[in-house]
Structures are given as C-alpha cells and as structure tokens.
Protein chains: 2
Amino acid sequence: MELTNQLTQQLAVRYPIIQAPMLGITTPEMVAAVSNAGGLGSLPIGGLAPEKARQLIRKTKSLTGKPFAVNLFAHTLPTEVDWDSVEKMQHFLEELCAKYGVTFSRFSEEDFTFYTYQDQLEVLQEEEVGIVSFTFGLLDSLSIALLHKRDVKLIGTATCVEEAILLEESGVDMISAQGIEAGGHRGSFTSNHPLPMIGSMTLIPQVVQSVKVPVVAAGGISDGMGIKAAFSLGAQGVQVGSLFLRSHESAANEAYKESILHSKDTDTALTRSFSGRWARGVVNQFMKSVEASGLSIPPYPVQNSLTAAIRASAKKQGKKDFLSLWGGQAASKAPAKSSREIFDELLSSFRILLNG
Amino acid sequence: MELTNQLTQQLAVRYPIIQAPMLGITTPEMVAAVSNAGGLGSLPIGGLAPEKARQLIRKTKSLTGKPFAVNLFAHTLPTEVDWDSVEKMQHFLEELCAKYGVTFSRFSEEDFTFYTYQDQLEVLQEEEVGIVSFTFGLLDSLSIALLHKRDVKLIGTATCVEEAILLEESGVDMISAQGIEAGGHRGSFTSNHPLPMIGSMTLIPQVVQSVKVPVVAAGGISDGMGIKAAFSLGAQGVQVGSLFLRSHESAANEAYKESILHSKDTDTALTRSFSGRWARGVVNQFMKSVEASGLSIPPYPVQNSLTAAIRASAKKQGKKDFLSLWGGQAASKAPAKSSREIFDELLSSFRILLNG
C-alpha cells in the first residue's frame, strides 16, 4: 500500500485523505487545516447563494495555498410541488415547535429560493476552483465540458454500482463510494430501485470492479484500521467526515457535539424529516415526531427550507432535539481537537499499519 | 497478518474461515467440504426436530473427521400469539398463492410445533458436538454451563456493540459480528432500539474494541480483499455464506441460484415477510405482496410456519417469486463450483494479499 497513487497525483495532494464536505459544519478553517496538512479539504457550498459561496471560497483561499475541493449539490429541482402537503407539514411543524418552545417562522410560496449548481458555476470559474466534488446526482454535460476545459478535477458521489457507472460515463475523474455507514445526506440519485443501503464492505469492491477511475471510500472511517480496510477493498483514497464533527473548526454547537460524543452504534438512523432527502443522524425528537406524523414529507429542497428556521433557532437555543444531528455509525470516535491534530493522528495511525 | 491466531487455536482449525450456517441451503456435504479443506463448516439445525438434527450431525461426521460447528437458534418463543392476525395473514397468503398458482396448505393452531435449542441439547451432547454457534439471542446460563463443562466452544452472533457485550458477559468464546451486508436472517436480539443496521466497516472495529474474545467478521465477504479488510478492522476470522449459495453442495434449486447469479448490489432488501424475523434476500413478488398488504406479520417462528409449505411448493415448482432468496449484498460473486474449490480459491486469493 502506497500513500502516493493515481488519486493523489490527480488531485496534487500529498495524502489520499479527503475531509468530507459537511454543510453547516465545515468551515473554511477546517478545509484549510486539512489541506495544509497534506490532505484534501472540501468546502460545501450546495444550495448557497453565489455571492455567499464566493465569500467562503475566498476565505478558504486566504487560509491555504494548497488544493481543496468545492462541493456542489447536483440534484434537479422537483418539477412540481404539492403546496397542500407543504401547508400541512408547515402547520404540523408550527404546532410541534410551540409544544417544545422552539421559535418558528412561516414560509410562503414566494419565500422559497433555491440555488442550483448552475447558478454557482460562474463563481467557481472566476475563483479558479481546481477540484469540484458533488453529490445528489450528475452534473449536466455542458457544465462538465466547461469545467474540464479549465482542467477542473471532478469527484462524483455514488451509493451503488449503477450510480458509479453513470458518473464514470458522465466524465468524472474519480468517484466517492458512500457506504451506508456514512453520516449526513445520502448521495443517491437513481430512482429505479429503493434507496441503496449498501455497506462499504460490499460497495467499495463492487464499485472498484465496475469503473476505471479511482474510487474514494466514504462512510464510517475513523482511524488507520479503517483506511487500511478501505485500501484492501480497492479504494485509492478515503473521505472522512464525522471524525471532524467535534473539531475546534467545526461549526456544530455544543449540544450537537455532546450528542455525537455520546452516540452509540445503534443511535443513528436515516431520515427525510429535516431536508426531504435521506440522511443519517442521531435520532431525536424532531425526527421521531415528523415520522410519526404520517404526513407526506415534501421533497428536497422544499422540506429543507421549511425546517431551516427551526434548525437555526434550535442551534441558538441549544435544543439538540430540533437540530439535525448528522453523524455516521462511528461518529462517537470524533475527538475534541483541532482539525490539524485530528488529521495528523489519523494519518499516523494509518502509517503505523502501512507495512502490517 | 497471520493465518494462525487465537481463533484458529480455540477452534482447532487450520484457517480462520468459517462457512456460514444457511438453513435450507447448507448440507452436510458443504459443511464437510469446508472442514476438510481446513476451514470451519457450520451445520444449521435451528428449529429442527432433535432426531432430524441428529441425522444431519451423524451424516456430517461420516463425511469429515475435522471440527465443524453446529448452529442453533437461540430465540425465545413469543409469549402470546395473536391468532386473529395469523388467520388474516393465512387468508391473504391463500389468495396470493391462488393468484400465482402456488400450492398452498393451511395451518391450524394445533399444527404449530416449535423446537427450541433446549430441545436439541441432549442430541448435541450425545453426538459430542465440539463447537456450537448460535444466533437470534443468548443461550440460557444452564445450557452454557452444561456445554462449557464438556469443553464445547461457543460462538454467539451480534449485530451491534450492545449485543456483543451481552454475549461476552454470558460466557461465549467468540463473537460473530454480522454486518448489514449479510444475507439471510439478522441475528439481532436486543429490542430497546430499532433493528441495528450497522455496516461492517463500523461494526467490526467497534465490537473488537468492546469485547476481549475473538471476533469473526460476517457479511459481504467474498474474496481475499474482503478477508484482508476484515482483519484490518481487527477481526480474527471471517464467516462466509453467500459465496457458497451456488456451490454443488448447496440445496438451493436452480431458480434460486439463477436469482443470486443475476442479483445486483441494489437487488436485496430486509424483509420480515417469510419468517417473521428480519432477513436479507433478493426482492421478489412474495416479499413485495406481503409488505404491500399492510397486514401485521406474525412474529417468528409463527410466520415461518405459515410460509413453510408455500416455500416448499415454490421450490418444487421452480417459482423464484415465492422462494426466500436469501443472499448478501455481494451474493452475485458466488461461483457454481464445488465447496472445496470455492474455499480453496477464497483462501488463495487471501494468501496472495497476506504480505501486500
């Protein structure tokens, strides 16, 4: 096993370890710390207004001269929204918040503003972003052509073999294979079967065997043993998210960090309650209440907008039961240290095993 | 990485590779082939009448002088059965079978006969079984004392850290950690949280860190890369089931074997429709129909008895849509070869990587 491979060469990084983009958690400081340590930091800008994205990219560039990835949401907007369902959900959320003392703000049809990755492309070009990762779908062929013309490296996200093949056909340079262990949003985007729920032990080798581009293992990796396992299965790199949740550079508040620290392996579940897309997080009152309501959950990004103000209030009020407590199946391993220390310790725990 | 370790010493086998017990699939011939090759074959007798179990054990002993495990079901019987639900389910199944031309036999309350592992203990002792593995729960302390007095090695099944700790406290000698990738029945037995659905990448290291006894990685392992990954995560052995589904010694019929061969990573799902317990298999009409019925599924082993005749008819009629097509998330890797060849190739693919 080598620390230098096709993946590190393509990304021009020293180590094949990627910090996973975690919207709402990952800060420019976290990204820069990992990139400065020789890994690849990933700055999430999915759904953000282009000018906000520019600000974050510039901030990150001010903190590191090393390569980092910018992460996009490649979903398509729902073609039709059932406003009656939205209204019912909103009414339910209002009563739920009242019951638990969480500040609530109503949304009306006009308030919904969604930015797609296409809206952000100009900023990416102007800011000369060199690595773009994305999730929730495929980039359209014009965007891929545009980015490739500028020699931007593209990393797509797959949760099953079919998605990996579609991504390779679309022209990505590498594929992040997201096992069911992963915290946060599932990258799944094909719909001719139920949500793929494939464990890394079977997902990684099957994706590796199905595509020619380098594969990054994502989900549940928290130490050198995990990196070695992922490499054994054919991955050329790993993506690590939950391990940085409690870092000094994480934007998670104390209530979130506490929940992660005390989470057991059985404490997380997949839910659509927060955003309308499936995501893994520590089970809390909000998840349970929305799921028990029997109401139809509007698709992403509508539900996400409906709950945005609730999550923001809960964050301020320190109410973990109304926060989206995204985390993977080994999230409790996350240490309360600087991102640099976390990265260095992860790398050194892998180095020790390198010749084992 | 060594091929000899605490686990191989305790089991007195040459290689730390266990063939998973697959009731209805695993034959004495399969068990003996794996044990004769230096691994540990496992003979499933869960729920069988003691004399049937004795017959199978004797048959296996006639085919190998090497150690093999006998696998038990350690569940407790439901304290109360809702016969009204049973009747509704039975009525539904009768109509479903009529619709698809599958022979149906009615069960009445008196027909239900359940054998527990306690019913089988005498046979195990008389036949001097040296290794007992089990799933679905804990063995009671009297049984454990009885078996340990005769120096029988005990292997329990855990699907989360809590179960592993309970098993160790109960006195087992090793623990099989069953990741969500595994085919067939989930060994889960704790009920103070939803069904654990933990991927091997996070389950194995967390179980290894929580117990002192050797841990066997089970679920989705189909080649040397998988074994190496499992060992990297701290396992001392692996349990491999799906890889033997299409072997010459498998009792699966052609329709089943065909379904496994063509199964994609996204084709399996967890279902309670066949047995009343959660199990992973290739999705088919029976699963979809029972789940879409909205009926309450009676607990194991009641539902199992209700569907036994249907599964037997479907097997004879070659109707894969009414068979339980148990298989893991990499089941399509199963080759149509002898169990001995499959074992030898698995071992040699691992040997090649041993110093890699």
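No experiment lies behind these values; they were computed from the predicted model shown.

**A word on the overall build of chain A**
Part 1 of the reasoning: Looking only at helices and strands, chain A features 13 helices and 11 strands.
Part 2 of the reasoning: Relative to the globule expectation of 21 Å for 356 residues, the C-alpha radius of gyration of chain A, 19 Å, shows essentially globular dimensions.
Part 3 of the reasoning: In terms of principal-axis extent, the alpha carbons of chain A reach across some 55 × 45 × 40 Å.
Part 4 of the reasoning: Taken across its 356 residues, chain A has 61% of its residues classed as buried.
Part 5 of the reasoning: Sequence separation of at least 24 residues holds for 69% of the intrachain contacts in chain A that already meet a minimum separation of 6.

**Some details on helix α8 (residues 200-210) of chain B**
Part 1 of the reasoning: Buried residues dominate α8 of chain B, accounting for 8 of its 11 residues.
Part 2 of the reasoning: Restricting attention to buried positions, one finds in α8 of chain B the residues S200, M201, T202, L203, I204, P205, Q206 and V207 of chain B.

**Things to note about the pattern of salt bridges**
Part 1 of the reasoning: In total, this model carries 23 salt bridges over all chains according to the counting rule given.
Part 2 of the reasoning: One network of salt bridges, with partners in common, ties together E51, R54, R58, K61, E126 and E127 of chain A.

**Brief notes about the side chain of Q125 of chain B**
Residue and element names in this part refer to chain B.
Part 1 of the reasoning: Residue placement: Q125 occurs in helix α5 (residues 117-126).
Part 2 of the reasoning: On the accessibility criterion, Q125 (18% relative accessible area) is buried.
Part 3 of the reasoning: Side chain to side chain, Q125 and R150 meet in a polar contact 3.2 Å long.
Part 4 of the reasoning: When sequence neighbours within four positions are dropped, the list of residues in contact with Q125 reads L146 and R150.

**Overview of the packing of aromatic side chains**
The relative placement of two aromatic rings is captured by the distance of their centres and the angle of their planes.
Residue and element names in this part refer to chain B.
Part 1 of the reasoning: Taken as a whole and judged by the stated rule, the model has 24 aromatic pairs over all chains.
Part 2 of the reasoning: Between F274 and W326, the aromatic rings sit 5.5 Å apart at their centres with planes inclined by 85°, giving edge-to-face as the arrangement. Linking F274 in the loop between β10 (268-271) and β11 (279-282) with W326 in the loop between α12 (302-317) and α13 (339-353), this pair joins segments that are 52 residues apart in sequence.
Part 3 of the reasoning: Residue class for W326 comes out buried when judged on its relative accessible area of 13%.

**Focus: the sheet that holds β10 of chain B**
Residue and element names in this part refer to chain B.
Part 1 of the reasoning: Taken together, 3 strands build an open sheet; the order of strands is β7-β11-β10 and the sheet is antiparallel. The open sheet has two free edges, formed respectively by β7 (184-185) and β10, since each of these has just one partner strand.
Part 2 of the reasoning: Sheet analysis places β7 next to β11, joined by 2 bridges and oriented antiparallel. In the sheet register, H185 faces β11, and the bridge partner there is A279.
Part 3 of the reasoning: Sitting on the sheet, helix α11 (residues 285-292) touches β10 and β11, and the angle it makes with β10 is about 45°.

**Some details on the domain arrangement of chain A**
Residues and elements named next belong to chain A.
Part 1 of the reasoning: As far as domains go, chain A holds domain 1 (1-77 + 114-246 + 338-356) and domain 2 (81-113 + 250-334).
Part 2 of the reasoning: For domain 1 versus domain 2, the separation of C-alpha centres amounts to 24 Å.
Part 3 of the reasoning: Contacts between the two partners involve 28 residues from domain 1 and, on the opposite side, 28 residues from domain 2.
Part 4 of the reasoning: For the pair domain 1 and domain 2, the summed buried area comes to about 2,400 Å², and 63% of that belongs to carbon and sulfur atoms.
Part 5 of the reasoning: Contact with domain 2 buries surface across domain 1, with F114, H185 and R246 losing the most and accounting together for 32% of the total.
Part 6 of the reasoning: Between domain 1 and domain 2 we count 0 salt bridges in total.

**Section: the interface of chain B and chain A**
Part 1 of the reasoning: Facing the 36 residues of chain B at the interface are 36 residues of chain A.
Part 2 of the reasoning: Contact with chain A buries surface across chain B, with M201, D265 and T266 of chain B losing the most and accounting together for 22% of the total.
Part 3 of the reasoning: Counting across the chain B and chain A interface gives 0 salt bridges.
Part 4 of the reasoning: For the interface between chain B and chain A, the tally reads 14 residue pairs in polar contact (both at pLDDT 80 or more).
Part 5 of the reasoning: With 8 residues, the single largest contributor to the side of chain B that touches chain A is α8 of chain B.
Part 6 of the reasoning: Its residues assigned to classes, the side of chain B that touches chain A shows 17 nonpolar, 14 polar and 5 charged.

**Some remarks on the side chain of S305 of chain B**
Part 1 of the reasoning: Topologically, S305 of chain B is positioned in helix α12.
Part 2 of the reasoning: When residues no more than four places from it in sequence are discounted, the contact partners of S305 of chain B are F107, F112 and F114 of chain B.

**Side note on the packing of helix α3 (residues 50-63) of chain B against α5 of chain B**
Two quantities define a packed helix pair, namely the angle between the helix axes and the distance between the axes.
All names here are of chain B.
Part 1 of the reasoning: One way to put it is that α3 packs onto α5 with a least axis distance of 9 Å and a crossing angle of 30°. Classified by the interaxial angle, the pair formed by α3 and α5 is roughly parallel. Of the two possible hands of crossing, α3 and α5 adopt the one that is right-handed. When α3 is examined against α5, the residues P50, R54 and I57 are found in contact with a partner set consisting of D119, V123, L124 and E126.
Part 2 of the reasoning: Tallied by class, residues from the contact of α3 with α5 come to 4 nonpolar, no polar and 3 charged.

Conventions we followed
- Residues numbered from 1 in each chain as written.
- Chains lettered and ligands numbered in written order.
- Predicted model: local features only at pLDDT ≥ 70, side-chain atom pairs only at ≥ 80, totals over all residues.
- Heavy atoms only, no water.
- Helix = DSSP H or I, 4+ residues; strand = E, 2+ residues; numbered from the N terminus.
- Rg over C-alpha atoms; globule rule 2.2 N^0.38 Å.
- Buried < 20%, exposed > 50% of the residue type's maximum accessible area, 1.4 Å probe, protein only.
- Contact = heavy atoms within 4.5 Å.
- Salt bridge = Lys/Arg side-chain N within 4 Å of Asp/Glu carboxyl O.
- Polar contact = N/O pair within 3.5 Å; in protein donor to acceptor, adjacent residues only side chain to side chain.
- Phe/Tyr/Trp six-rings, centres within 6.5 Å; stacked < 30°, edge-to-face > 60°.
- Pairing = 2+ DSSP bridges.
- Axes fitted to C-alpha atoms, helices over the stretch in contact; angles between N-to-C directions.
- Domains from an automatic or database assignment.
- Buried area = accessible area lost by both parts, 1.4 Å probe.
- Nonpolar A, V, L, I, M, F, W, Y, C, P; charged D, E, K, R; others polar.
- Parallel < 35°, antiparallel > 145°, perpendicular 65-115°, else oblique.
- Left-handed = near helix turned anticlockwise from the far one by under 90°.

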